[in-house]
Amino acid sequence: MKISLDLLHMLDAIERHGSFTAAAAALHRVPSALSHAIAKLEDELGLALFLREGRRATLTPAGRTLLDDGRHLLRAADELERRVQRIATGWESELRIAVDMIIPAERLYPAIGRFYAAGHSTQIHLVYEVLGGVWDALATGRADLAIGAPGDLPARSGISNRLLGHTRLLFMVAPQHPLATSPEPIAPRQLIRHRAIAIADTSRELTARTSGLLEGQDVLRVPDMPAKAAAQAAGLGVGHLPRWLAEQEAAAGRLLEKELSEPRPAMPYYLAWRTRHTGKALQWFLAELAKDDEIAALTAGL
């Protein structure tokens, strides 16, 4: 066959990172090896997979079709490897945990420490996701367990969940921002005149979600929660923060809480996992995260 799983991994990395150089670094290969492999595949197929503009590489329609369908094969192969491992030992070789960015990952460290102390050798892989990206990570097989998955459950089957609680984010502005001295509550017609600071939804296949943004509002998107708080403190825009971070910023005098006339409703957030995943490491974490003291520590200030 002209198309191998290794080549599909290369296509996936190039598309996600945007260039051969960045993809090569992510795959721990030299760029010339990727270029040669893709050029050879294009020659054998008799078509172009990428449009190359300087260092930027963009998929052609044919390349997009190959990668979209190829990702199904990559997930199937990955799941096959994991299933064989679980059948052989009952323990996963790796457990992938997606955490919504409103929950600091370090809150999981005590549980992970106990897991290691018990002598379990499963590799733990923690990643941050945002909004629908947490559900997307489960639905597409990028994660086996999700913590803090927000809002409505996706329509896709194969996901079990347990409600952790509800979060009500606080609307915060810098002391030097024009809205800092506006009478409260602040109406949407005032709010829309000011830039919002947001973290982009990390969904890859499910429809991306937005939260707290008004139609037509200017948006500055930042990579993570500390960057969001810092951008708001710098007066670059306004937005909502989880209570634990909002209170920390307010205590330091960097941000002020303001009341909105149409506040965001409390949003449910869940512990969720892939139903077909039956490994012992997942079951260990599900049992630990069912304990009241663990839930309280995980969700404090949300």
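Structural notes, computed from the coordinates. (Residues numbered from 1 in each chain as written. Predicted model: local features only at pLDDT ≥ 70, side-chain atom pairs only at ≥ 80, totals over all residues. Heavy atoms only, no water.)

Side note on the packing of aromatic side chains
Where we set the bar: Paired rings are identified among Phe, Tyr and Trp, the last through its six-membered ring, by centres lying within 6.5 Å, and are further divided according to the angle between planes into stacked (under 30 degrees), edge-to-face (over 60) and tilted (the rest). Only DSSP runs of H or I covering at least 4 residues are called helices, and only runs of E covering at least 2 are called strands; the numbering of each starts at the N terminus. Exposed residues in this analysis have more than 50% of their type's maximum accessible area, buried residues have under 20%, and partly exposed residues fall in between, with area computed by a 1.4 Å probe over protein chains only.
The full count for this structure, using the stated rule, is seven aromatic pairs. Arranged with centres 5.1 Å apart and planes meeting at 70°, the rings of Phe115 and Trp284 form a pair that is edge-to-face. Within this pair, whereas Phe115 is found in helix H5 (residues 109-117), its partner Trp284 is found in helix H10 (residues 280-288), the two being separated by 169 residues in sequence. Each member of the pair, Phe115 as well as Trp284, carries the same accessibility label: buried. Measuring from centroid to centroid gives 5.1 Å for Phe115 and Phe285, while their planes differ by 35°, and the two rings are tilted.

Observations regarding the side chain of Glu288
Applicable threshold: Here a polar contact is recorded for every N or O atom pair within 3.5 Å, except that within protein the pair must consist of a potential hydrogen donor and a potential acceptor, and residues adjacent in sequence are included only if both atoms are side-chain atoms. A contact between two residues is defined here by any heavy atoms of the two lying within 4.5 Å.
Within the element layout of this structure, Glu288 appears in helix H10. Side-chain polar atoms of Glu288 contact the side chain of Arg114, separated by 2.9 Å. One polar contact links Glu288 to Lys291, side chain to side chain, over a distance of 2.7 Å. When neighbours within four sequence positions are excluded, Glu288 is seen to be in contact with Arg114 and Glu294.

Here's the deal with the pattern of salt bridges
Quick reminder of the rule: Whenever Lys or Arg places a side-chain nitrogen within 4 Å of a carboxyl oxygen from Asp or Glu, that contact is recorded as a salt bridge.
Enumeration according to the criterion identifies 20 salt bridges in this entry. The salt bridge involving Arg64 is made with Asp68; its shortest N-O contact spans 3.1 Å. Note that Arg64 and Asp68 are positioned in helix H4 (residues 61-89) at a spacing of four residues, about one turn of the helix. Take Arg64: its relative accessible area is 30%, and that puts it in the partly exposed class.

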